[in-house]
Amino acid sequence: MNTAGHSEATARRGLELNPFRGLRYDPDRVGSLAAVTSPPYDVVVRPDGLHHLQSADPHNIVRLILPQAATPEARNEQAADTLRRWLDEGVLTTDPDPALYVYEQRDGDGMLQRGIIGALRVSEPAEGVVLPHEDVMPPVVADRAALMRATRANLEPLLLTYRGNGAAAEVVEETAERPPLLATTTEDGFRHRLWAVTDPADVGRVQSDLAHHQALIADGHHRWATYRRLRAEQPSPSAWDHGLVLLVDTARYPLRVRAIHRLLHRLPVADALAAVNGLFRVRRIDKPLPEALAALADAACAGNAFLFAGDGTFHLVDRPDPDLLARTVPADRPAAWRSLDATVLHATLLDHVWHIPEDSPAHIAYIHDTAATVEKAERDGGTAVLLHPVHEEVVRDLARQGVTMPRKSTSFGPKPASGLVLRALEL
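All figures in this text were calculated on a predicted structure; none of them were measured in a lab.

Each value, and the rule that gives it
- Residues numbered from 1 in each chain as written.
- Predicted model: local features only at pLDDT ≥ 70, side-chain atom pairs only at ≥ 80, totals over all residues.
- Heavy atoms only, no water.
- Pairing = 2+ DSSP bridges.
- Helix = DSSP H or I, 4+ residues; strand = E, 2+ residues; numbered from the N terminus.
- Axes fitted to C-alpha atoms, helices over the stretch in contact; angles between N-to-C directions.
- Contact = heavy atoms within 4.5 Å.
- Parallel < 35°, antiparallel > 145°, perpendicular 65-115°, else oblique.
- Nonpolar A, V, L, I, M, F, W, Y, C, P; charged D, E, K, R; others polar.
- Phe/Tyr/Trp six-rings, centres within 6.5 Å; stacked < 30°, edge-to-face > 60°.
- Buried < 20%, exposed > 50% of the residue type's maximum accessible area, 1.4 Å probe, protein only.
- Polar contact = N/O pair within 3.5 Å; in protein donor to acceptor, adjacent residues only side chain to side chain.
- Salt bridge = Lys/Arg side-chain N within 4 Å of Asp/Glu carboxyl O.
- pLDDT = per-residue confidence, 0-100.
- Lys, Arg positive; Asp, Glu negative; His and termini not counted.

A few words now on the sheet that holds strand β14 (residues 261–264). Ordered by their spatial adjacency, six strands build an open sheet running β15-β17-β16-β19-β14-β18, and the pairing between neighbours is antiparallel. If you trace the sheet from one side to the other, it starts and ends with β15 (281–285) and β18 (364–367), each paired once. The average undirected angle you get between the axes of adjacent strands in this sheet is 25 degrees. Taken together, the three bridges between β14 and strand β19 (residues 383–386) define a ladder with antiparallel strand orientation. Note that in β19 the partner of Leu 263 across the bridge is Ala 384. On top of the sheet, helix α9 (residues 269–276) reaches β15, β16 (305–309), β17 (314–318) and β19; it is set at about 150 degrees to β16, its chief contact. Docked against the sheet, helix α13 (residues 341–354) engages β14, β16, β18 and β19, running at close to 55 degrees with respect to β16.

Glancing now at the packing of α9 against α13. Direction vectors running N to C along α9 and α13 enclose 95 degrees, while the axes themselves pass 11 Å from each other. The orientation of α9 relative to α13 falls into the category roughly perpendicular. Here α9 contributes Ala 272, Ala 275 and Val 276 to the contact with α13, which in turn contributes Leu 349, Val 353 and Trp 354. For the contact of α9 with α13, the residue count by class is six nonpolar, no polar and no charged.

On to the packing of aromatic side chains. Note on aromatic pairs: each is described by the distance of the centres and the angle between the planes. A full pass over the atoms with the stated rule returns five aromatic pairs. Taking the centre distance of 5.3 Å and the plane angle of 55 degrees together, the rings of Phe 20 and Tyr 101 count as tilted. Within this pair, whereas Phe 20 is found in the loop between β1 (17–18) and β2 (23–25), its partner Tyr 101 is found in strand β4 (residues 100–106), the two being separated by 81 residues in sequence. Judged by relative accessible area, Phe 20 falls into the buried class, the value being 6%.

For helix α14 (residues 370–380), the complete set of buried residues consists of Ala 372, Thr 373, Val 374, Lys 376 and Ala 377. Tucked into the core, α14 has its buried residues touching β14, β16, β17, β18 and β19. The N-capping residue of α14, defined by a side-chain oxygen 3.3 Å from the backbone nitrogen of Ala 371, is Asp 369. Backbone geometry just after α14 places Gly 381 at a positive phi near 80 degrees.

Looking now at the pattern of salt bridges. Where side chains of opposite charge bring their charged atoms close, a pairing between them can arise. Applying the stated criterion across every chain, the model contains 29 salt bridges. In this structure, Asp 219 and Lys 415 form a salt bridge, with 3.3 Å as the shortest nitrogen-oxygen distance. Linking Asp 219 in strand β11 (residues 215–219) with Lys 415 in the loop between β20 (411–413) and β21 (423–424), this pair joins segments that are 196 residues apart in sequence. The two residues Asp 219 and Lys 415 agree in class, both being buried. The salt bridge partner of Arg 396 is Glu 393, with a shortest N-O separation of 3.8 Å. Of the two residues, Arg 396 and Glu 393 are both situated in helix α15 (residues 392–400); the distance of three residues between them amounts to about one turn of the helix. The structure contains a network of salt bridges with shared partners spanning Glu 104, Arg 106, Arg 114, Glu 173, Arg 193 and Arg 252.

So, about the environment of Ser 123. Considering the arrangement of structural elements, one finds Ser 123 in the loop between β5 (112–121) and β6 (130–131). Sequence separation between Ser 123 and Ala 74 is 49 residues, and the spatial gap between their C-alpha atoms is 31 Å. When neighbours within four sequence positions are excluded, Ser 123 is seen to be in contact with Val 129, Val 130, Trp 224, Arg 228 and Arg 231.

This part is about the confidence of the model for the protein chain. Mean pLDDT over the protein chain stands at 92; residues scoring 70 or higher make up 96%. Low confidence marks residues 7–11, where pLDDT is under 50. Its contacts with residues over four positions away, or in another chain, come to eight contacts.

Next up on the list: the side chain of Glu 134. Position of Glu 134 among the secondary structure elements: in the loop between β6 and α5 (138–151). Look at Glu 134: it is buried, it has no salt bridge, and the nearest opposite charge is Lys 408 at 5.8 Å. A distance of 2.9 Å separates a polar side-chain atom of Glu 134 from the backbone nitrogen of Lys 408. One polar contact links the side chain of Glu 134 to the main-chain amide nitrogen of Ser 409, over a distance of 2.7 Å. Once residues lying within four places of it in the same chain are set aside, the contact partners of Glu 134 are His 221, Thr 404, Met 405, Pro 406, Arg 407, Lys 408, Ser 409 and Thr 410.

The N-to-C vectors of helix α6 (residues 167–175) and helix α7 (residues 200–210) enclose an angle of 145 degrees; their axes lie 7 Å apart at closest approach. Seen from α6, the contacting residues are Ala 167, Ala 168, Ala 169, Glu 170, Val 171 and Glu 174; seen from α7, they are Asp 202, Arg 205, Val 206, Asp 209 and Leu 210.

Burial runs high along β5: nine of the 10 residues are buried. As judged from the two bridges shared by β1 and β5, these two strands associate in the antiparallel manner. Bridging across to β5, Leu 17 finds its partner in Leu 120. Across six bridges, β4 lies against β5 in antiparallel orientation. From the neighbouring strand, Arg 106 faces β5, where its bridge partner is Leu 112. Following β4, the chain reverses through five residues before pairing antiparallel with β5; Gly 110 in that reversal takes a positive phi of roughly 95 degrees. Sheet analysis places β5 next to strand β12 (residues 242–249), joined by six bridges and oriented antiparallel. The residue of β12 that forms the bridge with Ile 116 is Leu 247.

Here it is in structure tokens:
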């Protein structure tokens with residue numbers, strides 16, 4: 001663990017964001033721009049989600065980011081072949097000039113998010129420029145790396161945040177007053193707009209401002225680790241020295257932070273509750289999901305709390321035995337880390353009480369959607385463990401100390417739609 005920390009003021013080298021020639025769908029060659037988009041590869045959680053996206057349009061981006069074939073090698077080869085075919089057919093076309101891209105998302109509840117998409121210099125954690133806050137699973141990194149090698153492309157941007165409120169934010173606001181390159185509304189009700197920033201003066205203002213900042217990985221730890229792996233494989237300089245990102249200034253546009261829940265496939269709720277009896281307080285909540293989540297939020301204000309589901313009702317599990325925590329939670333981390341719900345879940349419940357490996361897909365799934373987690377648990381006879389979200393500043397403060405949270409601790413959003421702009425390494 002790195003505990004040296006990285007303050008924004010002491011970061012020796014800031015963010016280096018470069019323009020690139022975006023690869024985008026030709027609207028005349030697809031049914032609609034909305035029909036070819038997808039959530040990020042790891043957020044396709046509906047039981048029929050993959051089929052639904054594939055059926056939306058034969059050119060949906062999910063055919064590149066989640067190709068389907070019998071073996072990993074065949075999947076990656078299929079994605080590469082599909083990308084080459086779409087390029088040859090003109091389904092995907094390359095913008096004429098290198099650009100940074102201003103990206104906007106709106107929903108029906110008044111949420112507005114804007115940021116800048118570009119090719120960011122890949123840096124190592126020790127540089128303190130891009131701060132991870134979660135660990136990664138090596139098999140996932142290997143899988144994403146194999147896909148990127150095969151396609152030689154960054155197929156979707158990862159999401160980074162920084163706090164600036166400076167010249168880069170001004171360029172974003174000025175650009176958003178102009179007619180966009182594209183505008184579409186996806187089936188989740190989000191409206192998306194994209195602009196190209198090609199003027200050298202505007203690009204220079206963005207780059208000069210970002211050079212004084214560091215960023216937090218909000219979503220895409222595995223893809224960032226993949227960028228680092230691929231860069232290390234190539235002699236520098238090369239196109240792999242940079243990776244596709246969306247940078248959002250949360251001083252202007254705060255992100256929503258939600259929890260990522262756990263689905264324990266092989267642990268029935270009755271067994272989960274029996275194992276924690278006497279170690280935590282357990283209360284049955286015979287109320288609908290929204291009210292059960294409200295009870296979880298209230299309990300989380302006082303300490304560690306979880307909501308178990310899967311047997312047709314909810315069980316609020318809180319007030320862990322202090323001696324249990326002292327025995328199971330590592331003591332060599334900051335107090336803010338030791339008190340995280342995700343820390344107690346992994347160190348105490350998964351490791352010590354239930355003996356469930358956190359990196360085994362056969363035992364555990366990580367799901368963003370609350371209702372989907374509960375539904376899957378009830379259908380499959382497992383246990384859904386619902387968590388309360390962590391505040392962004394807690395995440396950022398720990399990341400600046402060089403302390404990573406347990407994997408899949410947070411879900412920042414809204415996440416950028418995949419399929420609006422891609423980066424090909426050869427262009």
